[in-house]
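Notes for the structure review
The chain contents come next:
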Amino acid sequence: MVKHEEVNFARNDQSNTTMIPGRFARAMRTNLIWQFIRFVIINLKMLVVVSKSH
Amino acid sequence: MARVVILGGGVSGHTAATFAAKWLGNSHEVVVVTPNAKWNWIPSNIWVGVGQMSKEEVTFDLDPVYKKAGITYKQAKAVSLNPEGSANETQPFVTIEYTGQGKEGESEEVTYDYVINATGPKLNFGATPGLGEGSQLGEHTVSVCTADHAEHASHKLQESIEKMKKGERQKFLIGTGHGMCTCQGAAFEYIFNVEHEIKKAGVRDMADMKWISNESFLGDFGMGGLHMKVGGYVVSSKIFSESLYAERGVDWMVGAHVSKVEAGSIDYELLDGSTGTENFDFAMLIPPFAGVGLKAYGKDGADITATIFAPNGFMKVDANYAAGTYENWKASDWPRTYQNPSYSNMFACGIAFAPPHIISKPMSSPNGTPINPTPPRTGMPSGIIGKAVAHSVCDLITKGEGAHLHEASMAEMGAACVASAGKGLTTGTAAAMTVFPVVPDFEKYPGTGRDTDYTFGEIGLAGHWIKHILHHLFMYKAQLKPGWTLVPE
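How each quantity is defined
Residues numbered from 1 in each chain as written. Chains lettered and ligands numbered in written order. Predicted model: local features only at pLDDT ≥ 70, side-chain atom pairs only at ≥ 80, totals over all residues. Heavy atoms only, no water. Helix = DSSP H or I, 4+ residues; strand = E, 2+ residues; numbered from the N terminus. Rg over C-alpha atoms; globule rule 2.2 N^0.38 Å. Buried < 20%, exposed > 50% of the residue type's maximum accessible area, 1.4 Å probe, protein only. Contact = heavy atoms within 4.5 Å. Areas by Shrake-Rupley, 256 points an atom, 1.4 Å probe, with all protein chains shown as cover. Lys, Arg positive; Asp, Glu negative; His and termini not counted. Charge placed at Lys NZ, Arg CZ, Asp CG, Glu CD. Polar contact = N/O pair within 3.5 Å; in protein donor to acceptor, adjacent residues only side chain to side chain. Pairing = 2+ DSSP bridges. Axes fitted to C-alpha atoms, helices over the stretch in contact; angles between N-to-C directions.

1. Focus on the overall build of chain B
Helix and strand counts for chain B stand at nine helices and 26 strands. A globule of 489 residues ought to have a C-alpha radius of gyration of about 23 Å, and chain B, at 22 Å, matches this closely. Counting only C-alpha atoms and orienting by the principal axes, one finds that chain B spans roughly 65 × 50 × 45 Å. Taking all 489 residues of chain B together, 61% fall into the buried category. Sequence-distant contacts, at least 24 apart, represent 67% of the contacts inside chain B between residues at least 6 apart. With the model as given, the accessible surface of chain B reaches about 18100 Å², and the carbon-plus-sulfur share is 51%. One finds the centroid of the 39 positive side-chain charges in chain B at a distance of 4 Å from the centroid of its 51 negative side-chain charges.

Dropping the structure here:
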């Protein structure tokens with residue numbers, strides 16, 4: 001059986017040479033606990049860039 | 001009492017006006033000339049364009065806000081500048097034509113001590129036959145450049161979704177409508193928001209989606225692409241972007257100049273010189289930007305537009321416009337103070353300033369058609385530049401002509417960018433990115449042109465939350481509610 005992430009590789013040559021996230025990576029993108037942690041980290045990183053730019 | 005006239009009330013002009021009014025107080029006058037009655041948080045137009053926000057949620061009336069700030073508000077468009085005055089007027093002045101406030105069509109000469117040009121762009125739909133007429137959107141495609149356009153796009157999208165629900169297959173074509181467009185980021189957000197909504201509607205299998213862009217590679221974004229830290233790797237934005245397009249089943253065509261738009265189809269030319277036709281049922285194509293067409297006249301009435309403005313209509317500032325070919329381009333070509341070199345009481349900020357050159361590598365087809373993105377000057381850099389220019393003008397007024405001018409070079413500032421890829425409190429995603437600096441500096445950072453410690457990106461729900469919070473923060477800040485100055489640009 002073809003896995004979800006493997007379907008689009010076969011769509012065309014363009015898609016065939018890319019990287020497509022698997023089930024775990026896709027799940028983590030909307031995992032509330034992990035994303036809350038990323039929310040804090042991304043905000044801190046952005047604040048550093050904002051402070052360096054003013 | 002000095003008078004500062006700010007032409008334009010968008011992100012940059014509104015930032016400049018509100019800070020100038022705060023810093024100058026009642027001792028001096030701040031005047032805003034803008035043809036619009038409402039302020040628009042443009043990044044959220046993407047969500048209006050897919051029916052996830054209303055037009056009212058992304059706009060507010062300017063009049064009460066400017067009354068509160070003590071800013072004189074003239075709902076009018078600037079027509080011309082007389083930086084030396086005229087035969088009848090010793091003071092420099094700007095000629096305006098009212099678009100509202102019960103004075104529609106009336107002209108007025110507004111004298112100034114300092115003028116800040118923040119007019120933003122003219123949406124140049126007329127550059128591509130069939131895309132529109134002049135600055136007006138045409139009948140075959142939609143746009144998300146204004147809240148009204150986005151609302152129209154949402155209606156058209158709903159019509160397509162209804163057709164798919166009835167079994168009619170739909171082809172979506174989204175991207176840029178000319179070889180010299182900027183703002184690929186907005187189109188990038190729109191195509192993934194449309195894809196997200198179609199999936200939510202349960203008709204994704206009935207939709208063929210295609211991206212068309214003047215970028216020479218996916219992820220150029222008008223910044224020559226970027227290399228960012230992702231998952232421990234330093235990754236080109238090309239790989240980052242191609243991965244997302246492939247994952248979401250979106251085909252792409254890059255290096256494309258749209259040469260003609262007709263009902264249901266576009267003609268295009270590619271960087272290799274080949275031409276073709278692409279059909280569509282729904283198309284959102286961003287128009288190229290141009291200056292708003294301000295004219296300038298000397299004291300004797302002579303046309304001095306070419307002295308003040310670049311050929312594309314944007315205002316010349318302290319940039320190096322003689323950098324020559326791509327090999328000679330440097331980060332130091334980019335302006336620092338945004339002061340006009342001919343008239344020291346004239347500044348430009350946001351999209352209105354003329355960049356010294358593009359950021360991406362210049363390219364053209366064998367037929368000589370230039371196909372490359374023009375530099376983005378929106379969002380965070382636009383706000384920071386507006387604030388710096390306001391600071392300079394306020395210091396010139398309060399400390400005298402010798403005051404130090406504040407600097408905000410795009411080659412020395414970073415930007416935080418959140419590109420929505422679908423809206424939803426628990427199902428939404430967005431690409432959260434930072435880039436430092438915006439304009440790559442290959443002398444300082446020889447590898448990628450940027451500092452990879454401060455240039456990163458990732459896709460996830462956290463990015464969507466940040467984008468949503470930023471929407472409310474910037475709407476709050478722009479309305480000058482308590483503590484507004486604490487929200488950074």
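Next, the rest of the story.
2. Observations concerning the environment of glutamate 84 of chain B
Residues and elements named next belong to chain B. When you line up the elements, glutamate 84 lands in the loop between β5 (72–82) and β6 (93–98). Glutamate 84 gets classed as partly exposed once you look at its relative accessible area, which sits at 34%. Residues glutamate 84 and alanine 296, 212 residues apart in the sequence, show an inter-C-alpha distance of 9.9 Å. Once residues within four sequence positions are removed from consideration, glutamate 84 is found in contact with Glu89, Thr90, Gly298, Lys299 and Tyr343. In this structure the side chain of glutamate 84 is engaged in a polar contact, spanning 3.2 Å, whose partner is the backbone nitrogen of lysine 299. Within polar-contact distance, the side chain of glutamate 84 engages the side chain of tyrosine 343 at 2.5 Å.

3. A closer look at the pairing of strand β20 (residues 282–286) of chain B
With five of five residues buried, β20 of chain B is to be regarded as a mostly interior element. The alternating pattern of β20 of chain B places Phe282, Met284 and Ile286 of chain B on one face and Ala283 and Leu285 of chain B on the opposite face, and all of these are buried.

4. Side note on the side chain of serine 392 of chain B
Among the secondary structure elements, serine 392 of chain B is positioned in helix α8 (residues 379–399). Using a relative accessible area of 0% as the deciding quantity, one classes serine 392 of chain B as buried.

5. As for unusual backbone geometry
Residue and element names in this part refer to chain B. Residue proline 437 is bonded to the preceding phenylalanine 436 through a cis peptide linkage, with omega at -5 degrees. Mapped onto the elements of the fold, proline 437 is located in the loop between β25 (430–435) and β26 (456–460). Within the chain, cysteine 183 stands out as a residue other than glycine whose phi angle is a positive 65 degrees. Phi at leucine 480 is positive, roughly 55 degrees, even though this residue is not glycine. Residue placement: leucine 480 occurs in the segment after α9 (461–478).

6. Points about the sheet that holds strand β16 (residues 251–253) of chain B
Strand pairing within a sheet occurs via backbone hydrogen bonds; the two strands may be parallel or antiparallel. All names here are of chain B. Spatially, the four strands line up as an open sheet ordered β16-β13-β12-β20, and their pairing is parallel. For this open sheet the edge positions go to β16 and β20, each flanked by a neighbour on one side alone. Each strand axis lies, on average, 15 degrees off the axis of its neighbour in the sheet, ignoring direction. Inspection of the sheet shows strand β12 (residues 170–176) paired to β20 by five bridges, in the parallel sense. Within β20, the residue paired with phenylalanine 172 across the bridge is phenylalanine 282. Here helix α4 (residues 147–165) sits on the sheet and contacts β12, β13 (207–212) and β20; the angle it forms with β12, its principal contact strand, is near 150 degrees. Packing against the sheet, helix α5 (residues 184–200) makes contact with β12, β13 and β20, and its axis sits at approximately 175 degrees to β13.

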